[in-house]
Amino acid sequence: MEFLRLVLVFLHLLGMAMLIGTFMLQLHAGQGAKLNKGWLHGGGLQLITGLALMGIDPALDDIDYNPVKVGVKILVLLVILGLAGGFLRKPAAPKWLSFTLGGLVVLNVGLAVFWP
Ligand code: HEM
């Protein structure tokens, strides 16, 4: 079970990297560019791996994930996915959107690391 947790954490960290990479790509694409689908792909990976980690929690010996912290992380991620889903079909992503999505990703990294 510990190996499965490590695989899920590995994928969870790659999902975070995908979201930060998408933020960079979105900035590079500049104003007038469409929203990159990477927001949905990276966000989806975070949701699946995060929920799977919560799912195996009862079977883990020494680990008890904080349900309030994870609940807040899920809420932040749902805002990311909601905004990304809503703006994906628009011809151009507004400038504030990239920084809002990127800021929310960084917020979740901060919650993951600093909230015990
Ligand atoms: C933008 C979304 C997210 C980002 C950037 C993110 C980032 C991170 C990072 C960096 C860690 C490692 C922290 C550490 O080892 O100290 C982590 C751990 C974790 N995350 Fe997330 N996360 C996100 C969404 C979620 C969601 C939605 C869930 C739950 C459904 C979740 C559940 C967890 C759990 C349970 C861990 C602990 C894994 C372990 O160390 O065994 N995360 N997250």
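Remember, predicted model here, so these are calculated numbers, not experimental data. Residue indices begin from 1 for each chain and proceed along its sequence in written order. Per-residue local features are limited, in this predicted model, to residues with pLDDT of at least 70; the limit for side-chain atom pairs, both in listing and counting, is 80 or more; totals at the level of whole chains, interfaces and linings are taken over all residues. The side-chain values count all of the structure's non-hydrogen atoms but skip hydrogen atoms and water molecules.

Asker: Give a detailed account of the pattern of salt bridges, specifying residues and quantitative values.
Answerer: Definition used for salt bridges: Asp or Glu carboxyl oxygen within 4 Å of a side-chain nitrogen of Lys or Arg. Considering all chains together, one arrives at one salt bridge under this definition. Note that Glu2 is salt-bridged to Arg5, the shortest N-O span being 2.9 Å. With Glu2 and Arg5 both in helix α1 (residues 2-29), this residue pair falls three residues apart, about one helical turn. Relative accessibility under 20% of the residue-type maximum defines a buried residue, over 50% an exposed one, and the middle range a partly exposed one, all with a 1.4 Å probe and only protein chains included. Look at Glu2 and you get partly exposed, because its relative accessible area is 41%. For the purposes of this entry, the term helix denotes a DSSP run of H or I that reaches at least four residues, the term strand denotes a run of E that reaches at least two, and both are numbered from the N terminus.

Asker: Which residues make up the coordination of the iron atom of the ligand, and what are the values?
Answerer: Each metal site is built from N, O and S donor atoms within 2.8 Å (3.2 Å for Na, K and Ca), and since water is not included, such sites may look incomplete. Listed as protein donors to the iron atom of the ligand are His12 (NE2) and Lys73 (NZ); their distances from the metal cover 1.9 to 2.0 Å. If you look at the iron atom of the ligand, its six donor atoms make angles of 83 to 179° with each other, and the shape they trace is octahedral. Residue His12 is located in helix α1, and its partner Lys73 is located in helix α3 (residues 67-87); the two are separated by 61 residues in the primary sequence. Judged by its relative accessible area of 16%, His12 falls in the buried class. Between 85 and 135 degrees for all angles marks four donors as tetrahedral; over 155 degrees for opposite donors together with 65 to 115 for all other angles marks four donors as square planar and six as octahedral; every other arrangement is irregular.

Asker: If you had to explain the site of the ligand to someone new, which residues and values would you point to?
Answerer: Residues are counted as near a molecule or strand when any one of their heavy atoms sits within 4 Å of it. Of all residues adjacent to the ligand, which total 20 residues, the nearest are Arg5, His12, Tyr65, Lys73 and Asn108. The separation between an oxygen atom of the ligand and a polar side-chain atom of Tyr65 is 2.4 Å. Of all elements in the fold, only α1, α2 (38-56), α3 and α4 (95-114) reach the threshold of two or more residues within the shell around the ligand. When residue character is reported, Ala, Val, Leu, Ile, Met, Phe, Trp, Tyr, Cys and Pro are called nonpolar, Asp, Glu, Lys and Arg charged, and the others, Gly included, polar. Broken down by class, the residue content of the shell around the ligand amounts to 14 nonpolar, four polar and two charged. In the analysis that follows, any N or O atom pair within 3.5 Å is treated as a polar contact, provided that within protein one partner can donate a hydrogen and the other can accept it, and provided that, for residues neighboring in sequence, both atoms belong to side chains.

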